[in-house]
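Observations on chain architecture
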Amino acid sequence: MSKRDTRYVCLRIAGEGGEGVISAGELLTQVAARLGMHVATFKTFPSEIRGGMAVYQLRTGPDRVLSQGDYLDILVAFNREGYDRNIADMTSEGVLVHDFEPGDNLPVKRRGGVDYHVPMGKLAREAGSHRAKNMVALGAICELFGFPVEGLTEGVRLKFGKKSEKVVEVNLKAIDLGAEYVRENHEIRHELHFSEGDGHARVVLSGNDAVAFGAVAAGCRFYAGYPITPATEIMEYLARELPRVSGRMVQAEDEIASIAMCIGASFTGQKSMTATSGPGLALMSEALGLASMAEVGLVLVDVQRAGPSTGMPTKAEQGDLNLAIYGAHSTAHRVVIAPVDVEDCFYQTVNAFNIAAKYQIPVIVLSEQSLGFSKASMPRPDFENLDVFEEQYARMPTDGDPWPKVDELTVGEGYPMTPVFPRYLRNDTGISPRSIPGMPGMEFRATGLEHDEFARPRYDPPNRKAMLNKRQAKFEEVRREYGEQVEVIGDDEAEVAITGWGTTAAVIRHAVTRALNDGASVKAIFPKILSPMPDMAMRHHLHGVKRVICCELNDTGQYANIIRHRYGANVHAVLKDRGVPFAPGEITPYIEMAIKAQVRI
Amino acid sequence: MSDTAVTPVPVKEDTTPHPMEDWLRMDRIPHIWCPTCGLGIVVTALVEAIKKSAFDPDLMAVVSGIGCTGRVAGYIKLDSFHTTHGRAIPFATGLKLSNPKLKVVVVSGDGDLTGIGGNHFIHAARRNIDLTVICVNNFIYAMTGGQVAPTTPNPAVTSTTPYGAFEPPFNLANLAEACGATYVSRWTALHVRRLVESMTRALMKPGFSFVEVIAPCSTLYARRNRLGSGLDLMKFYHDNAIIKNGCPTPEVGIDFQKPFVVGDFVDKERPTWHDRMRAQMTATLGEKFIPKVGPSICTNCE
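These figures come from a predicted structure and were not determined experimentally. (Residues numbered from 1 in each chain as written. Chains lettered and ligands numbered in written order. Predicted model: local features only at pLDDT ≥ 70, side-chain atom pairs only at ≥ 80, totals over all residues. Heavy atoms only, no water.)

Next up on the list: the overall build of chain B. Summing up its helical and strand segments, chain B has ten helices and ten strands in all. Rg of the C-alpha trace for chain B: 20 Å, near the compact-globule value of 19 Å for 302 residues, within the 12% margin. Once the C-alpha set of chain B is aligned to its principal axes, its extents read approximately 65 × 50 × 35 Å. For chain B, with 302 residues in total, the buried portion stands at 57%. (Helix = DSSP H or I, 4+ residues; strand = E, 2+ residues; numbered from the N terminus. Rg over C-alpha atoms; globule rule 2.2 N^0.38 Å. Buried < 20%, exposed > 50% of the residue type's maximum accessible area, 1.4 Å probe, protein only.)

Written out as structure tokens, the structure reads:
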């Protein structure tokens, strides 16, 4: 196994609720991002949550943080319980910073590593408030691991400056005391060190924030939704932001109403969105069919959680892929894309709005609990150069420029040709000209019934076939546009390929990068779009591959089955369905085994 | 085209213009409704009401759900949306909120609006979204072959209550009022003049306005209950409808083949969703609140 990349540091703070664990973690994350470090956080909960245990974990390094890594490097335990419940996740060489006497009779003994005792509670009281315990810990972290203390003091001023000068003083003093205590009482006995930032300030967002932010940037001005963990924060963000940008948000009576309102809004030309989780997506399935049939674009975000039913609402799973792609009655085309990390949440949401507007089709963004809840740093988006598609509506014909011609089939026997707007005009791309209510002479009837090019209900077989083909053509057009968007890293000639989607794709990238550094012959294949699958490129990259590893967070291998049935690949599915994401170290052995042809296909 | 479900009827050469030619999608006529169905009357009454209300037809939209009444949206020559079963009101809500300049009318049946769509009905009334909802009540799920509806009087026979309906039906006028509708009325397909006037008032009324139209279904409701033809039901309305404007809505429940009350029941002022939203947002956000700018082809009206 390759040597651990010491430039990345994974730190966890653990303590009682109310001890400032979360605020300390968030402050550290904010400051790290502002200084230009790459940072990603993970809200994790020990298996049993008793007594309001609070845990905050962050991983930082010189480049984009792809996963939370395999081990904890640093544990800052505010108390014994924080130690007991988290020590098992730490490497044997890990560094422990704690606030209990080293001679305590610990139930879980460490076999190695370095301990530093910092009397956090005592020093906090010295600084002026027992609540500043977390700041003492941050001061100690700065001194121990080379985190820039100036950045932290500036962060404290920004965070508490509005409260009062006294609060700022107490907190700054606590930071000083923590740092001073370490300087005077401890000799540094470890090598871990925070990498320096590159000076480019980054913003810190959760996946849910990034989706909402991306929606506003893409021009979303209508949101309807119903509360559901872990997607609710998207609605909360937009409830704050939309009224300030002439957008409207409504909390609907249920998920069915949510998507129905969005379709209504899209019908008027408004870019609209709803967000939900698995159970909500199931309720929205019928209306998604209408959006496909009436060719109304909209964006539906599914922040997946562990199911079925209420399942484990705060735990991670990638279990809605089948529902998103196939959960339709009849042939209801929808586009499915899945962001891999927080930054991707922003750009994929923008992308989703563009596809929805351009192709008049519903787009599902498959986010995940572990993305939605976790914060990470990302460069401030460049709004000037953001690619945002603006729809051009159809125009009334003039004398020299009549309505586009429909073909003889549409005119049909018994269907008089009328000079009305051909809303569902068939053409090469399948994308028809659209009008919105309020355009004189261009009114049409959007309907869930099968219809002809004039939007008139029609049940005859030739028309049915022609209209099905038209909608399929549109879907194929999406496939053409995104058909080459398959990212491949590693050895192009490798006999072993590994693939995955969503957050698992980022973890795979982490594992594969390590394997490649060790000289392994492997390639990773990541489709940028899950429906329509970029078949041409996938076939090309899977050509000559003997064994394919598919990793995903569900118990049935939904993605693995797609790879199997679409490309006839020899797939070994690596499945995990325990409510927590993969660690790269869980994937590495499968890469090694596949190279040695030891996996069972 | 021998196996088509709906065989198109060839259009006869007839030079006489239809009196409502400008308002109907003439290429869709003749309609699919049965002889002596009340829906044709409702469409005519709605068109007359739209004419009287003097709204710009280019800024009107008709939304309907599924069922016999759901087909209304298809015949009126306005921007229209024939939605999924029960969801006409949330679609209409999305329309209205995204483009407040539009006058949005929902036309649907009793089963669609208060059975599968009951949740949306009560919440739209509570929010007081500026919609006009016209509910054509024929006491039965007609399009699917005559099943019991949330409005079926006891003990009417339907295909799913072969021994007579026993679940108590909704009193729709009372339901609408209780949920916050600003205008509530009930007429029958017989009271055409009063129905047009009532629909006009409903269209002009800001907020959630509700018109219930009792309409005959000869094919299913009348036949199964041996009530004769649609014409016999019209005669029944003539003899048994008691006009009582302002009647308290708890007293207007409908019993099977008993005299029933029609009239304009509720007409009150209540701030609409937009009024309340604007007031609240302006109070808390001040100048940061940006009114809705509709699509460029429509001018802002919020």
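Now that the structure is up, let's keep going.
This part takes up the environment of Ile595(A). All names here are of chain A. You can see Ile 595 is positioned in helix α19 (residues 584-595). Considered as a pair, Ile 595 and Ala 497 are 98 residues apart in the sequence and their alpha carbons are 9.4 Å apart. Apart from the residues within four sequence positions on either side, Ile 595 is in contact with Val 496, Ala 520, Ser 521 and Arg 547. (Contact = heavy atoms within 4.5 Å.)

Our next topic: the sheet that holds strand β19 (residues 547-552) of chain A. All names here are of chain A. Across the sheet, five strands lie side by side as β16-β18-β17-β19-β20; this open sheet has mixed pairing. Where the open sheet ends on each side, the last strands, each with one partner, are β16 (486-490) and β20 (571-575). Put simply, the sheet's adjacent strands are angled 25° from each other on average, direction ignored. As defined by bridge partners, β19 adjoins β20 across five bridges and the pair is classed as parallel. Directly across from Glu 552, in β20, lies its bridge partner Leu 575. (Pairing = 2+ DSSP bridges. Axes fitted to C-alpha atoms, helices over the stretch in contact; angles between N-to-C directions.)

Contact residues are listed per partner, giving 53 residues for chain B and 52 residues for chain A. A combined buried area of about 4500 Å² lies between chain B and chain A, and 63% of that area is made up of carbon and sulfur atoms. The largest per-residue losses of area from chain B upon contact with chain A belong to Asp27(B), Asp79(B) and Phe81(B), which jointly make up 13% of the total buried on that side. Our count for the chain B to chain A interface comes out at two salt bridges. Salt-bridge contacts for Asp27(B) lead to Arg456(A); the nearest nitrogen and oxygen are separated by 3.3 Å. Inspection of the region where chain B meets chain A yields 17 residue pairs in polar contact (both at pLDDT 80 or more). At the level of elements, α2 (72-75), β2 (79-82), α3 (88-98), α5 (118-127) and α10 (273-285) of chain B are the ones that each hand at least two residues to the side of chain B that touches chain A. Looking at the side of chain B that touches chain A, its residues break down into 26 nonpolar, 14 polar and 13 charged. Alignment of strand β15 (residues 445-447) of chain A against β2(B), held across three bridges, turns out to be parallel. (Buried area = accessible area lost by both parts, 1.4 Å probe. Salt bridge = Lys/Arg side-chain N within 4 Å of Asp/Glu carboxyl O. Polar contact = N/O pair within 3.5 Å; in protein donor to acceptor, adjacent residues only side chain to side chain. Nonpolar A, V, L, I, M, F, W, Y, C, P; charged D, E, K, R; others polar.)

Attention shifts here to helix α7 (residues 207-217) of chain A. Residues and elements named next belong to chain A. Among the eleven residues of α7, ten are classified as buried, and the element is accordingly described as predominantly covered. Along α7, the residues that are buried comprise Gly 207, Asn 208, Asp 209, Ala 210, Val 211, Ala 212, Phe 213, Gly 214, Ala 215 and Val 216. Packed against the buried residues of α7 are β7 (202-206), α8 (232-241), β10 (272-276), β11 (298-304), α12 (342-359) and α13 (369-372). Downstream of α7 by a residue or two, Gly 219 has a phi angle that is positive, lying close to 100°.

Pairing between sheet strands relies on hydrogen bonds along the backbone, with the strands arranged either parallel or antiparallel. All names here are of chain A. Reading across the sheet, the six strands line up as β9-β8-β10-β11-β13-β12 and stay open at both edges, with parallel pairing between neighbours. Each end of this open sheet is capped by a strand with a single partner; those strands are β9 (248-251) and β12 (335-337). For this sheet, the mean inter-axis angle between neighbouring strands, taken without regard to orientation, is 20°. α12 rests against β10, β11, β12 and β13 (362-368) of the sheet, and its axis sits at about 165° to β13.

To continue, consider the domain arrangement of chain A. Many analyses report the size of an interface as the accessible area lost when the parts associate. Residues and elements named next belong to chain A. Per the domain assignment, the segments of chain A are domain 1 (9-185), domain 2 (204-385) and domain 3 (488-595). For domain 1 and domain 3, the distance between their C-alpha centres works out to 36 Å. Counting residues at the interface gives six residues for domain 1, matched by ten residues for domain 3. In total, domain 1 and domain 3 occlude about 580 Å² of area from one another, counting both sides; carbon and sulfur atoms represent 62% of this. Contact with domain 3 buries area across many residues of domain 1, yet Leu 66, Ser 67 and Asp 70 alone supply 74% of it, more than any other trio. The partner of Arg 514 in a salt bridge is Asp 70, with the nearest N and O atoms 2.9 Å apart. Looking at side-chain class alone, the side of domain 1 that touches domain 3 contains two nonpolar, two polar and two charged residues. (Domains from an automatic or database assignment.)

Take the side chain of Thr349(A) next. Residue and element names in this part refer to chain A. Here Thr 349 shows up in helix α12. You can call Thr 349 buried: its relative accessible area is 0%. At 2.5 Å, the side chain of Thr 349 and the backbone oxygen of Cys 345 are in polar contact. Beyond its immediate stretch of four places on either side in the chain, Thr 349 contacts Val 211, Gly 214, Ala 215, Met 273 and Asp 344.

Here His82(B) is to be found in strand β2. Since its relative accessible area comes to 2%, His82(B) is described here as buried. A polar atom in the side chain of His82(B) sits 3.0 Å from the side chain of Thr447(A). When neighbours within four sequence positions are excluded, His82(B) is seen to be in contact with Leu290(A), Arg445(A), Ala446(A), Thr447(A), Gly448(A), Leu449(A), Ser64(B), Gly65(B), Ile66(B), Gly70(B) and Arg71(B).

Right, let's get into the packing of aromatic side chains. Each aromatic ring pair is described using two quantities: the centre-to-centre distance and the angle formed by the ring planes. Counted under the stated rule, the structure contains 19 aromatic pairs over all chains. Ring centres of Phe236(B) and Phe260(B) lie 6.3 Å apart, and the angle between their planes is 25°; on these two criteria the pair is classed as stacked. Here Phe236(B) is found in helix α9 (residues 230-240), whereas its partner Phe260(B) is found in strand β10 (residues 260-267), with 24 residues between them in sequence. Pair check on accessibility: Phe236(B) and Phe260(B) agree, each one buried. What links up through ring pairs into an aromatic cluster is the set Phe267(A), Phe421(A), Tyr424(A), Phe444(A), Phe81(B) and Phe91(B). (Phe/Tyr/Trp six-rings, centres within 6.5 Å; stacked < 30°, edge-to-face > 60°.)

A separate point is the packing of α5(B) against helix α6 (residues 172-179) of chain B. Residues and elements named next belong to chain B. For the pair α5 and α6, interaxial distance at closest approach is 7 Å and the crossing angle is 45°. On the basis of the axis angle, α5 is oblique to α6. Contacts between α5 and α6 involve Phe 121, Ile 122, Ala 125 and Arg 126 from the first element and Leu 175, Ala 176 and Cys 179 from the second. Classifying every residue of the contact of α5 with α6 by side-chain character gives six nonpolar, no polar and one charged. (Parallel < 35°, antiparallel > 145°, perpendicular 65-115°, else oblique.)

Residue and element names in this part refer to chain B. Per the stated rule, a full pass over the model turns up 42 salt bridges over all chains. Measuring nitrogen to oxygen at the nearest pair gives 2.3 Å for the salt bridge that ties Asp 264 to Arg 201. Here the residue Asp 264 occupies a position in strand β10, and Arg 201 occupies one in helix α7 (residues 192-204), the gap between them amounting to 63 residues. When its relative accessible area of 35% is taken as the criterion, Arg 201 is described as partly exposed.

Glancing now at the pairing of β9(A). Residues and elements named next belong to chain A. Summarising the sheet, strand β8 (residues 222-225) and β9 pair through four bridges and their orientation is parallel. Within the sheet, the bridge partner assigned to Phe 222 lies in β9 and is Arg 248. Crossover handedness for the path β8 to α8 to β9: right-handed. (Right-handed = clockwise from strand over helix to strand, strands pointing away.)

Before going further, it helps to spend a moment on unusual backbone geometry. Geometrically, the link from Gly307(A) to Pro308(A) is a cis peptide bond, its omega value of 0° lying close to zero. With respect to the secondary-structure elements, Pro308(A) resides in the loop between β11 and α11 (321-326). The residue after Asn154(B), namely Pro155(B), is reached through a cis peptide bond having omega 0°. Note on placement: Pro155(B) falls in the loop between β6 (147-148) and α6. Residues other than glycine seldom take positive phi values, yet Ser309(A) does so here, at roughly 55°. If you trace the backbone, Ser309(A) turns up in the loop between β11 and α11.

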